[in-house]
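Breakdown of the fold
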Amino acid sequence: MNSLFNQRLQSHFTQMSKYLRYVFNDFFVIALMFIIGGIGYQYAMFIKHLQSGKWWEQLVLVVVLLVVMQLNNLVTFVKRADFIFWLPKEKEFFAFLRSGLRYSKTLAVIVQIVAWFVMIPFIEKAMVTTNISLILMFLVILVVLKMMILNFQMIDNYHHNGDLLNNKVFYRVIVPLVVVALATYINVYVGVVIGIMMLILSHLLVAKLKQQSIEWQVVIEKTESHENSLNRFFNMFTDVENMQGAVKRRGYLDPVFKMFNDDVYSVLYSRGIVRDKEISGLLARVSVLGAIIIGAIKLEWMAILIALLFMYLIVFQLIPYFTNFEDNVFTSLYPINFDQQVKSFTDVIGKIMILVVIVLMIGSIFMFNLLGSLMLFLALVIEWILLIKIYVPKKIKKASSNY
């Protein structure tokens, strides 16, 4: 079973390395550097001007620790066919799932350490202390409770009676909330002791799973959900094999479509982009994320630069959609030449980017003065002209000439 898990893990790493080179392209790395730098600078300024001992600081600390514990879920790499081939040896399959539990714990511990390291300055302010041993205890609590959560997720993969211990709200929210609250408001060592006790209890329950039956459908659904989440992320940067975009009718957007009724291809591209979950989701997530980051950064020049990068990223991701309908034979019957098709596509992208500009400008209202907002708006307008009138048509025609 360990050999089988290692094969699945190696296959997973191979797939990750295949797509990550598209994710961390030159532009994304540059954008990521600016985003991390901007957030880091704002965090440093926030800590610098933060007064220790405020009543709300410990409350925020409890909430942040609770959120951090929810990161990372159990990964098993179970395939749908395993239900058929390994059902006769279901008890032996426990070793495979346990390998997945160990792998998940390794990743989770790394994430918790990184999160704790970032939170050290805020912990010092909230707890009004520089005692390194006390601060280390918060790391112990994070790691212990996260391992406990993963153990209970392992238990959820097996048939059980559905008692309180197996309730997701109990082991993911209530227990961590009680432990972190005790550590923050009463005594950190009390929280550590209770957390360790819950971890030992979860280990004992996991050891008893060898004699229980697997709830295969639950395990398979969790694994496929995890794989789909990764594929959706990678699909934002490149085409993912064996992944079909889901289409959803959005009737409440019909009034918006009236601005896209210029010609046949305008109607086709506008409705295709909005109804495609992957593309529309990308537009919504990146636009809102950009607005949030712009609103959180006080340095106007950095916020403007990040806004320009986000706008370019969105346009860059939309360009491949020009060829989305090439496989549809009916589009070949349209009496529309290539130049008109390009014009229709750029018009649609241009109108969509106007909506994106509006969303980004909403983020600037909360932090910028009037002059800063005007500077951002002017910069976005200039980039909009360069992208829509020059970059997009040139990029499409160059790509088409290579076929």
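What you see is a predicted model, and the numbers here were worked out from it, not measured in a lab. (Residues numbered from 1 in each chain as written. Predicted model: local features only at pLDDT ≥ 70, side-chain atom pairs only at ≥ 80, totals over all residues. Heavy atoms only, no water.)

With that settled, consider the nonpolar core. Leu97, Phe138, Ile141 and Met154 are the most contacted members of the largest nonpolar core, which has 62 residues in total. Among the secondary structure elements, those contributing two or more residues to this core are helix H1 (2-23), helix H3 (55-69), helix H5 (94-127), helix H6 (132-156), helix H7 (168-186), helix H8 (188-207) and helix H9 (216-234). Per-element accounting of this core gives the leading share, 16 residues, to H6. Those residues within four positions of Met154 in sequence are excluded, and the remaining contacts are Leu74, Phe94, Leu97, Arg98, Leu101, Val206 and Leu209. Listed in part, the 44 residues of the second largest apolar core include Ile297, Ile306, Val315 and Leu360. (Core = buried A, V, L, I, M, F, W, Y, C linked by side-chain atoms within 4.5 Å. Buried < 20%, exposed > 50% of the residue type's maximum accessible area, 1.4 Å probe, protein only. Helix = DSSP H or I, 4+ residues; strand = E, 2+ residues; numbered from the N terminus. Contact = heavy atoms within 4.5 Å.)

Take H9 next. Between the first and last C-alpha of H9 there are 27 Å, a value that for 19 residues agrees with the 27 Å anticipated at 1.5 Å per step. All of the buried residues in H9 are Trp216, Val219, Ile220, Thr223, Asn231 and Phe234. Seen from one end, H9 has its buried residues packed into an arc of 100°, which puts them on one side. At its buried positions, H9 is contacted by H1, helix H4 (82-85) and H5. (Expected span 1.5 Å × (residues − 1). Arc of directions from axis to C-beta.)

The next thing to look at is the packing of aromatic side chains. Inspection of every chain in the model, using the stated rule, returns 17 aromatic pairs. Consider the rings of Phe5 and Phe77, whose centres lie 5.7 Å apart with planes at 50°: the pair is tilted. You can see Phe5 sitting in helix H1 and its partner Phe77 sitting in the loop between H3 and H4, a full 72 residues away along the chain. For the pair shown, Phe5 and Phe77 are each scored as buried. (Phe/Tyr/Trp six-rings, centres within 6.5 Å; stacked < 30°, edge-to-face > 60°.)

Our focus in this paragraph is the environment of Gln112. Structurally, the position occupied by Gln112 is in helix H5. Residue Gln112 is classed as buried on the basis of its relative accessible area, which comes to 0%. Taking the C-alpha atoms as reference, Gln112 lies 6.4 Å from Leu142; in sequence the two are 30 residues apart. In this structure Gln112 touches Val68, Met69, Leu71, Leu139, Leu142, Val143 and Lys146, once residues within four positions along its chain are discounted.

Here the focus is the side chain of Arg8. Structurally, Arg8 is set in helix H1. In this structure the side chain of Arg8 is engaged in a polar contact, spanning 2.9 Å, whose partner is the side chain of Asp82. (Polar contact = N/O pair within 3.5 Å; in protein donor to acceptor, adjacent residues only side chain to side chain.)

Two elements in contact, H7 and H8, have axes whose closest approach is 6 Å; the angle formed by their N-to-C orientations is 155°. In terms of axis orientation, H7 runs roughly antiparallel to H8. Seen from H7, the contacting residues are Phe170, Val175, Val179, Leu182 and Ala183; seen from H8, they are Val188, Val190, Gly191, Ile194, Gly195 and Met198. Partitioning the contact of H7 with H8 into residue classes produces 9 nonpolar, 2 polar and no charged. (Axes fitted to C-alpha atoms, helices over the stretch in contact; angles between N-to-C directions. Parallel < 35°, antiparallel > 145°, perpendicular 65-115°, else oblique. Nonpolar A, V, L, I, M, F, W, Y, C, P; charged D, E, K, R; others polar.)

Turning our eyes to something else, we now look at the pattern of salt bridges. On inspection of all chains with the given rule, the structure shows 4 salt bridges. Of the charged contacts, one joins Asp82 and Arg8 as a salt bridge, the two residues approaching to 2.9 Å between their closest N and O atoms. Placement of Asp82 in helix H4 and of Arg8 in helix H1 is noted, with a sequence separation of 74 residues between them. Grouping residues by exposure puts Asp82 and Arg8 together as buried. Between Glu224 and Arg80 there is a salt bridge whose closest N-O contact spans 3.0 Å. On the criterion of sequence distance, the pair formed by Glu224 in helix H9 and Arg80 in the loop between H3 and H4 is long-range, its members being 144 residues apart. The class for Arg80 is partly exposed, based on a relative accessible area of 43%. (Salt bridge = Lys/Arg side-chain N within 4 Å of Asp/Glu carboxyl O.)

This brings us to a nonpolar patch on the surface. A surface patch of nonpolar side chains, about 680 Å² in accessible area, is lined by Trp55, Leu59, Val63, Val67, Tyr185 and Ile186. Mapped onto the nonpolar patch, the elements with two or more residues apiece are H3 and H7. Considering each element in turn, the nonpolar patch owes the most residues, 4 residues, to H3. Tracing the backbone shows Leu59 in helix H3. Residue classification places Leu59 among the partly exposed residues on the basis of a relative accessible area of 43%. (Patch = residues over 30% accessible without salt bridge, like charges linked within 9 Å, V, L, I, M, F, W, Y side chains within 5 Å. Areas by Shrake-Rupley, 256 points an atom, 1.4 Å probe, with all protein chains shown as cover.)

Relative orientation of the contacting elements H3 and H6 amounts to 40°, with a least axis distance of 10 Å. Between H3 and H6, the angle is such that the two are oblique. In this structure, the crossing between H3 and H6 has a hand that is right-handed. Touching Leu61, Leu65, Val68 and Met69 of H3 are Phe138, Ile141, Leu142, Leu145, Lys146 and Ile149, all from H6. Of the residues assigned to the contact of H3 with H6, the class counts are 9 nonpolar, no polar and 1 charged. (Left-handed = near helix turned anticlockwise from the far one by under 90°.)

Looking now at unusual backbone geometry. For Asn72, which is not a glycine, the phi torsion comes out positive at approximately 70°. When you line up the elements, Asn72 lands in the loop between H3 and H4. Positive phi outside glycine occurs at Val128, with the angle close to 50°. Structurally, Val128 can be placed in the loop between H5 and H6. Here Val128 falls in the exposed class, since its relative accessible area comes to 54%.

Let us look at the environment of Asp254. Counting through the fold element by element, Asp254 comes out in helix H10 (residues 254-257). Along the chain, Asp254 and Arg271 lie 17 residues apart, while their C-alpha atoms are 9.4 Å from each other.

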